[in-house]
Amino acid sequence: MNNMKRIFILLLITTLWGVQDNISAQQLQKENNTPQVQGIIKDITGNPIIGATVIAKNQPGLGVTSDMDGKFKIKVGEYDILVISYIGYTTQEIPVIKIKNKKEAIVTLQEDNQTIDEVVVTASGHQQKKTLTGAYTTVDIAQLTAPSSNITNSLAGVVPGIIAVQSSGEPGEDMSEFWIRGISTFGANQGALVLVDGVERSFNEIPIEDIESFSVLKDASSTSIYGARAANGVIVITTKRGALSNQHAKVTFRTQLGISQLAQENWNLMNTEERIAYEKEVGLDTGKDYDKLRQININWFDEVFNKSALLQNYEVQVNGATDKIRYYVSGNFYDQDGVAIESYFKRYNARANVEAQAKKWLKLGTNIMMTHEKIQQADQGAYSTVTPISAARFMLPYWNPYKEDGSLASVNDGSWKGLNQNPLEWIMNNPYSSKKNKLIGNIFFEVTPIEGLKIRSQAGLNYTDIGDETFSMPSYRPNQDQGKAARSNNHAYNLSITNTAEYRFNLNHVHDFNFLIGQEGIDYQSEGFSVATAGQNNDKLADIATGTRATSWGNSSTAYSYVSFFGRGEYNYDNRYYADFSLRTDGSS
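So, how was this worked out
- Residues numbered from 1 in each chain as written.
- Predicted model: local features only at pLDDT ≥ 70, side-chain atom pairs only at ≥ 80, totals over all residues.
- Heavy atoms only, no water.
- Helix = DSSP H or I, 4+ residues; strand = E, 2+ residues; numbered from the N terminus.
- Buried < 20%, exposed > 50% of the residue type's maximum accessible area, 1.4 Å probe, protein only.
- Areas by Shrake-Rupley, 256 points an atom, 1.4 Å probe, with all protein chains shown as cover.
- Pairing = 2+ DSSP bridges.
- Axes fitted to C-alpha atoms, helices over the stretch in contact; angles between N-to-C directions.
- Salt bridge = Lys/Arg side-chain N within 4 Å of Asp/Glu carboxyl O.
- Phe/Tyr/Trp six-rings, centres within 6.5 Å; stacked < 30°, edge-to-face > 60°.
- Lys NZ or Arg CZ within 6 Å of the ring centre and 35° of its normal.
- Contact = heavy atoms within 4.5 Å.
- Core = buried A, V, L, I, M, F, W, Y, C linked by side-chain atoms within 4.5 Å.
- Patch = residues over 30% accessible without salt bridge, like charges linked within 9 Å, V, L, I, M, F, W, Y side chains within 5 Å.
- Arc of directions from axis to C-beta.
- Lys, Arg positive; Asp, Glu negative; His and termini not counted.
- Polar contact = N/O pair within 3.5 Å; in protein donor to acceptor, adjacent residues only side chain to side chain.
- pLDDT = per-residue confidence, 0-100.

Here the focus is the overall build of the protein chain. Summing up its helical and strand segments, the protein chain has nine helices and 27 strands in all. For the protein chain, the proportion of its 589 residues judged to be buried stands at 41%. Carbon and sulfur atoms form 54% of the exposed surface of the protein chain, whose accessible area is close to 31200 Å².

This is the structure:
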């Protein structure tokens, strides 16, 4: 009996061992039959995409990323589906069965504008909105396309957390002051730090049509890497690049027309009959011929202000791409008449943005913008009875600024019957104008020596030259044949050099890391002078050089520089939990 039991147990063990060997052999055969798929991921210009994600749709946690040449290898089931994605491109799903027999499958990703909208430009490059831990706002550029000489006037009511106040409507001087989350600094710079293509500058001169992305960073978490300059928030703007989808040059022409009007037109000024009744009531009617004065009834606001002022904006853009180069070139002309007489603003812009993929591991580029502005103002200086805007309140309705033949009533020939001077004649004989030239640009290169590591170096220049001129014609009788001229000029440049190294990597497809270290140096120089002369005796030679004596002069200069070092670290776990830190140190002189 015992022998029978031993034989039975031995047979059972032998059978189980055979079954186990059979199962192991089947598993080994299944693993050997699992296809290894390999391929290259490219954009539509044929350039490899480094760091694209390739995952198996039916096997969570199984995935790889493309290498320096855009290549990938992955072992997946024959009936599985590969999901291939990269920030800014449309995600593709490819059945393994379609490409398993190909020696090297080529996958071409298309640009996805909707995905680009979900990306925020920050100090460490581009980040998806969902991975940011700080307070930020991305602005839809389409909401800022109303005709305007500068973008600041379009921010109010569009960007949450921004307070914008426009204190002047004068052409060229009508930019708004704006604050992010209110005024947080007193006795110092209260404005936000503005970076355009990595260069610190004003953004009033940028045509809205040239802007590709606009991000507002609001709190300490998102702005601390910029240091003390970012105490009032940061605005990061990126201008347009050539679209990879345009293999041939794409030319776009755009025009906008609009009008400016006074916000308040009903000033409730006295007409002639009301003025005469008032003068009789208070005893100011001595020696006045009211029968003659009643024939004149002037509304001075109608004389000083235009009912509507035309503004025009014309823009032409050329953009496209080749196998190695992306380019965007634009020209813009903006022309705005002032609501007040003898005032206008004209601006000419030219821009060229070029990027070249010189090698798989090397990208070069430049962004250059040139601007020329001309401003003529109706009012400049003291509030008085002769400067037109203020004089519109002081002039009486029976003081006619014109002669019977339609020409200006003048103090020169006695045809001006009012007190002091005719404001319309004064503005013609005391013109004020301003010119501004700007050159802003940068050059950069990016090196990707290994997968996930990007080294970038950028040099930027912001140069501004501003000149103001005022004249007072010698033929104008109040000047007694002695003209006046004044000129001031200020030029400034801001040189910057920024070097960064950024390393992104992933562990086990759930731990994402991004580390950034960098150095920045800035050198600012500004010089200016002003001079005024008198004694000019010819209207056609009304210049500071033709004066017989100098009445005032002065000069100014400013200089500072600083060097900074900064770093930032970011981590997210399975796109669910996020953490980041940043540090910075500045040295200035």
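The discussion continues.
The subject of this paragraph is the sheet that holds strand 7 (residues 105–108). Consider a sheet: its strands pair through backbone hydrogen bonds, and that pairing is either parallel or antiparallel. The strand order across the open sheet formed by three strands is 4-1-7, and the pairing between neighbours is mixed. Every other strand in the sheet has two partners, leaving strand 4 (71–75) and strand 7 as the edge strands with one partner each. When strand polarity is set aside, the average angle formed by the axes of neighbouring strands in this sheet is 35°. Note: strand 1 (residues 36–42) against strand 4, five bridges, orientation antiparallel. Each residue of the ladder has a partner; that of Val37, found in strand 4, is Ile74.

Bringing the pattern of salt bridges into the picture now. Inspection of the entire model under this criterion finds 23 salt bridges. Among the ionic pairs, Asp210 bridges to Arg351, the shortest N-O distance being 3.5 Å. Linking Asp210 in the loop between strand 14 (199–200) and strand 15 (211–217) with Arg351 in strand 20 (residues 344–359), this pair joins segments that are 141 residues apart in sequence. Put simply, Glu355 and Arg241 hold a salt bridge, and the shortest N to O gap is 3.1 Å. Taken together, the positions of Glu355 in strand 20 and Arg241 in the loop between strand 16 (234–239) and strand 17 (250–260) put the pair 114 residues apart, joining distant regions of the chain. Each member of the pair, Glu355 as well as Arg241, is classed as buried. Through salt bridges with shared partners, a single network forms among Asp197, Asp210, Arg241, Arg351 and Glu355.

A few words on the packing of aromatic side chains. Evaluated as defined, the whole model comprises 13 aromatic pairs. When the centroid spacing of 6.2 Å and the interplanar angle of 85° are considered together, the rings of Trp300 and Trp416 count as edge-to-face. Of this pair, Trp300 sits in helix 7 (residues 300–304) while Trp416 sits in the loop between helix 8 (388–394) and helix 9 (423–429), and the two are 116 residues apart along the sequence. Here Trp300 falls in the buried class, since its relative accessible area comes to 2%. With a relative accessible area of 6%, Trp416 lands in the buried category. The residue whose ring lies beneath Lys346 is Tyr344, and the NZ or CZ to ring-centre distance is 5.3 Å. Between Arg456 and the ring centre of Phe444, over which it is positioned, the NZ or CZ distance is 4.1 Å.

Here Thr448 lies in the loop between strand 22 (432–447) and strand 23 (453–472). With a relative accessible area of 15%, Thr448 lands in the buried category. Between the alpha carbons of Thr448 and Ala501 there is a distance of 9.8 Å; along the sequence they are 53 residues apart. Thr448 has contacts with Ile50, Met68, Trp361 and Leu453, leaving out every residue within four places of it along the chain.

Now for the nonpolar core. Of all hydrophobic cores here, the largest spans 27 residues; its most connected members are Trp300, Val304, Phe305, Met395, Trp399 and Trp416. Broken down by secondary-structure element, the contributors of at least two residues to this core are helix 6 (290–293), helix 7, helix 8 and helix 9. Contacts of Trp399, omitting those with residues within four sequence positions, involve Ile298, Trp300, Phe394, Trp416, Lys417, Gly418 and Leu419. Residues Leu155, Phe178, Val194 and Phe214 belong to the second largest nonpolar core, which totals 20 residues.

On to a nonpolar patch on the surface, then. The grouping of Met270, Tyr278, Val282 and Leu284 at the surface amounts to a nonpolar patch, some 340 Å² of accessible area in total. Note on Met270: relative accessible area 39%, which makes it partly exposed.

As a further point, take helix 5 (residues 272–282). Thr272, Arg275, Ile276 and Glu279 are the residues of helix 5 that are buried. All buried residues of helix 5 fall inside an arc of 100° around its axis, so they share one side. Downstream of helix 5 by a residue or two, Gly283 has a phi angle that is positive, lying close to 85°.

Below, the discussion takes up the pairing of strand 16. Consecutive side chains of a regular strand alternate in pointing toward one face of the sheet and then the other. The buried fraction of strand 16 amounts to six of the six residues, a majority that puts the element mostly inside the structure. Note: strand 13 (residues 193–196) against strand 16, four bridges, orientation parallel. Residue Leu195 lies in a different strand from strand 16, and its bridge partner there is Val236. Pairing of strand 15 with strand 16, which is carried by six bridges, proceeds in the antiparallel orientation.

This paragraph deals with the side chain of Asp80. Note that Asp80 resides in the loop between strand 4 and strand 5 (81–85). No salt bridge is formed by the buried Asp80; the nearest opposite charge belongs to Lys57, separated by 8.3 Å. Side-chain polar atoms of Asp80 contact the backbone nitrogen of Asn58, separated by 3.1 Å. Not counting residues up to four positions away in its chain, the partners in contact with Asp80 are Ala56, Lys57, Asn58, Gln59, Pro95 and Val96.

Turning our eyes to something else, we now look at the confidence of the model for the protein chain. Here the protein chain averages 83 in pLDDT, and 85% of its residues register 70 or above. Within the model, pLDDT remains below 50 along residues 7–32, and this stretch shows zero contacts once partners closer than five positions in the same chain are excluded.

Strand order across the open sheet formed by five strands is 10-15-16-13-14, with mixed pairing between neighbours. Where the open sheet ends on each side, the last strands, each with one partner, are strand 10 (136–138) and strand 14. Of the strand pairs in this sheet, strand 13 and strand 14 are connected by two bridges, and their pairing is antiparallel. Bridge assignment links Val196 to a residue of strand 14, and that residue is Val199.

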